[in-house]
Amino acid sequence: MSAVPVPLALLAEVTHRCPLRCPYCSNPTSLVKRSAELSTATWLDLFRQAAGLGILHVHLSGGEPAARSDLPELVAGVAETGLYSNLITSGVGLRESVFARCVEAGLDHVQLSIQAADAGTADRIGGYRGGFATKLEVAGWVTSYGLPLTVNAVVHRQNLDRLPEIIALARQLGARRLEVAHTQYHGWALLNRDALMPTPEQVERARAIVEEAGGRMVIDYVPPDHFATWPKACMGGWGRYGMTVTPEGVVLPCQAAESIPGLEFESVTDRSLSEIWRNGLAFATYRGTDWMPEPCRSCERREIDWGGCRCQAMAYLGNPGATDPACSRSPHHSQFRSRALGFAEAGVDSFTYRG
Ligand code: SF4
Ligand code: SF4
């Protein structure tokens with residue numbers, strides 16, 4: 001068994017509340033209630049623990065973090081520990097006065113999500129009328145306060161054909177970085193697979209468009225699993241790079257890990273972050289390579305992608321300890337791909353929205 005790595009990043013899901021209802025949302029279909037959310041003091045203590053553990057980045061996420069009235073205090077808590085703070089926001093529900101207090105408290109970076117490049121499509125996908133206009137306004141605040149802006153666009157069959165417009169919009173908003181991320185099918189996204197799954201032709205076109213898009217804005221392209229040859233190193237490897245803390249304080253190796261039955265997750269209200277990271281059973285179960293079955297066990301890529309995504313193996317094969325079916329060496333890969341083709345070709349356009 002190799003040494004436990006030092007984590008780099010903490011994804012702090014400070015709330016599950018969110019005014020939007022994106023059908024690709026990877027949050028669980030059963031959300032943590034406001035009354036169960038961690039208090040301000042507990043989050044601040046957690047940030048101090050994270051710094052002690054060697055973490056460098058805290059991503060304040062949700063849900064929509066602006067749904068919490070203590071957002072500036074949370075940002076200040078991150079800043080006081082010397083950690084880099086990234087606010088991951090839909091922009092909806094964030095007031096300029098609150099944003100200004102976050103900047104004053106030491107906010108380092110903003111990642112703003114967009115659903116499409118035009119109001120009609122964006123508001124339909126986000127399930128919130130007026131959301132698009134709000135996002136444009138928030139992007140303006142970020143750049144006018146001098147903060148670096150990353151625009152995040154989750155792409156799928158219903159917005160992928162407008163990728164050039166999405167890239168143009170991100171440029172126009174002054175983004176330094178655009179993340180074009182294909183949908184990960186967890187939570188609500190899994191429910192909406194048939195309405196979201198892109199066709200292989202769309203995926204190929206998107207790859208070419210991103211490759212050709214030059215300029216000063218950096219574009220990170222997160223390709224889809226279903227038409228890939230190799231899986232992604234999910235979370236940079238289970239229990240290697242970072243962790244997620246849910247609104248009620250449960251510490252997860254990845255955002256969707258609660259979809260794996262039988263794993264016991266621990267809470268920061270019961271044990272320190274350091275103990276959970278180093279000794280927690282949920283982290284130890286799939287950390288490293290000892291757990292791997294064949295073909296991963298003898299594969300030369302096992303310390304590159306770490307066997308892919310455990311939650312995807314669970315969702316498709318009912319076995320979280322199997323090789324990710326996104327891998328072309330998995331015996332289930334062709335079935336995984338043909339099921340995706342079936343979803344893409346079914347032509348379902350309507351979304352299942354939360355609530
Ligand atoms: S994906 Fe959409 S619904 Fe889910 S948390 Fe983000 S903005 Fe809210
Ligand atoms: S067999 Fe396993 S380790 Fe090898 S590429 Fe596939 S998922 Fe990665």
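Residues numbered from 1 in each chain as written. Chains lettered and ligands numbered in written order. Predicted model: local features only at pLDDT ≥ 70, side-chain atom pairs only at ≥ 80, totals over all residues.

Draft legend 1. Spotlight on the overall build of the protein chain. Regarding its fold elements, the protein chain presents 13 helices and 10 strands. For 355 residues, the compact-globule estimate of 2.2 N^0.38 gives 20 Å, and the C-alpha radius of gyration of the protein chain, at 20 Å, lies within 12% of that figure. Projected onto its principal axes, the C-alpha positions of the protein chain cover 55 × 45 × 40 Å. By the burial criterion, 48% of the 355 residues in the protein chain qualify as buried. Partitioning the contacts of the protein chain with sequence separation of at least 6, the portion at a separation of at least 24 is 74%. (Helix = DSSP H or I, 4+ residues; strand = E, 2+ residues; numbered from the N terminus. Rg over C-alpha atoms; globule rule 2.2 N^0.38 Å. Buried ≥ 20, exposed ≤ 12 C-beta atoms within 10 Å, placed from the backbone. Contact = placed C-beta atoms within 7 Å.)

Draft legend 2. Seen up close, the pairing of strand E3 (residues 84–89). Counting buried positions along E3 yields 5 of 6 residues, so the element is predominantly enclosed. Note that strand E2 (residues 57–61) and E3 share 4 bridges and pair parallel. Directly across from His59, in E3, lies its bridge partner Asn86. Taken together, E2, helix H2 (residues 71–80) and E3 form a β-α-β motif whose crossover is right-handed. Relative to strand E4 (residues 109–114), E3 runs parallel, the two sharing 4 bridges. (Pairing = 2+ DSSP bridges. Right-handed = clockwise from strand over helix to strand, strands pointing away.)

Draft legend 3. Summary view of H2. Among all positions of H2, only Leu71, Pro72, Leu74, Val75, Gly77 and Val78 are buried. Its buried side turned inward, H2 meets helix H1 (40–53), E2, E3 and helix H3 (96–105). The first or second residue beyond H2 is Gly82, which carries a positive phi of 85 degrees.

Draft legend 4. The site of ligand 2, seen in detail. Near ligand 2, the surroundings consist of 14 residues, among which Cys296, Cys299, Arg301, Cys327 and Arg329 are the closest. Its residues assigned to classes, the shell around ligand 2 comprises 6 nonpolar, 3 polar and 5 charged. (Near = placed C-beta within 6 Å. Nonpolar A, V, L, I, M, F, W, Y, C, P; charged D, E, K, R; others polar.)

Draft legend 5. Examining the environment of Thr143 more closely. Note on placement: Thr143 falls in helix H5 (residues 131–144). Expressed as a C-alpha distance, the spacing of Thr143 and Leu173, which sit 30 residues apart in the sequence, is 8.2 Å.

Draft legend 6. Just the sheet that holds E4, in detail. Taking strand neighbours across the sheet as the criterion, the 10 strands line up as E7-E6-E5-E4-E3-E2-E1-E8-E9-E10 in an open arrangement whose pairing is mixed. For this open sheet the edge positions go to strand E7 (218–222) and strand E10 (266–267), each flanked by a neighbour on one side alone. Examined bridge by bridge, strand E9 (residues 250–252) and E10 share 2 bridges and lie antiparallel to one another. Along E10, the bridge assignment pairs Val250 with Ser267.

Draft legend 7. View of the packing of H1 against H2. Two elements in contact, H1 and H2, have axes whose closest approach is 9 Å; the angle formed by their N-to-C orientations is 20 degrees. By the angle between their axes, H1 is roughly parallel relative to H2. Read as a crossing pair, H1 and H2 show a hand that is right-handed. Residue-level inspection shows Thr40, Trp43, Leu44 and Phe47 of H1 in contact with H2, the latter providing Glu73, Leu74, Gly77 and Val78. Within the contact of H1 with H2, the residues separate by chemical class into 5 nonpolar, 2 polar and 1 charged. (Axes fitted to C-alpha atoms, helices over the stretch in contact; angles between N-to-C directions. Parallel < 35°, antiparallel > 145°, perpendicular 65-115°, else oblique. Left-handed = near helix turned anticlockwise from the far one by under 90°.)

Draft legend 8. Representation of the pairing of strand E5 (residues 149–155) within the structure. Across the 7 residues of E5, 7 count as buried, placing the element largely inside the fold. The two faces of E5 match: Leu149, Val151, Ala153 and Val155 on one face and Thr150, Asn152 and Val154 on the other face are all buried. Here E4 pairs with E5 via 5 bridges, running parallel. By the bridge assignment for E5, Leu112 is matched with Val151. Sheet topology places E5 next to strand E6 (residues 177–182); 6 bridges connect them, and they run parallel. The residue bridging Ala153 from the neighbouring strand is Val180, located in E6. In terms of handedness, the path from E5 via helix H6 (residues 163–172) over to E6 forms a crossover that is right-handed.

Draft legend 9. Seen up close, helix H13 (residues 333–345). With 13 residues, H13 should reach 18 Å at 1.5 Å per residue; the first-to-last C-alpha distance of 18 Å fits that figure. Looking at H13, one finds that the buried residues are Ala340, Phe343 and Ala344. The buried residues of H13 occupy an angular sector of 100 degrees when projected down its axis, which confines them to one face. Among the exposed residues of H13, those oriented more than 90 degrees off its buried face are Ser334, Ser338, Gly342 and Glu345. Packing partners of the buried residues in H13 comprise helix H8 (193–196). Two residues or fewer after H13 comes Gly347, characterised by a positive phi angle close to 75 degrees. (Expected span 1.5 Å × (residues − 1). Arc of directions from axis to C-beta.)

Function-wise, these values are silent; they only describe arrangement.
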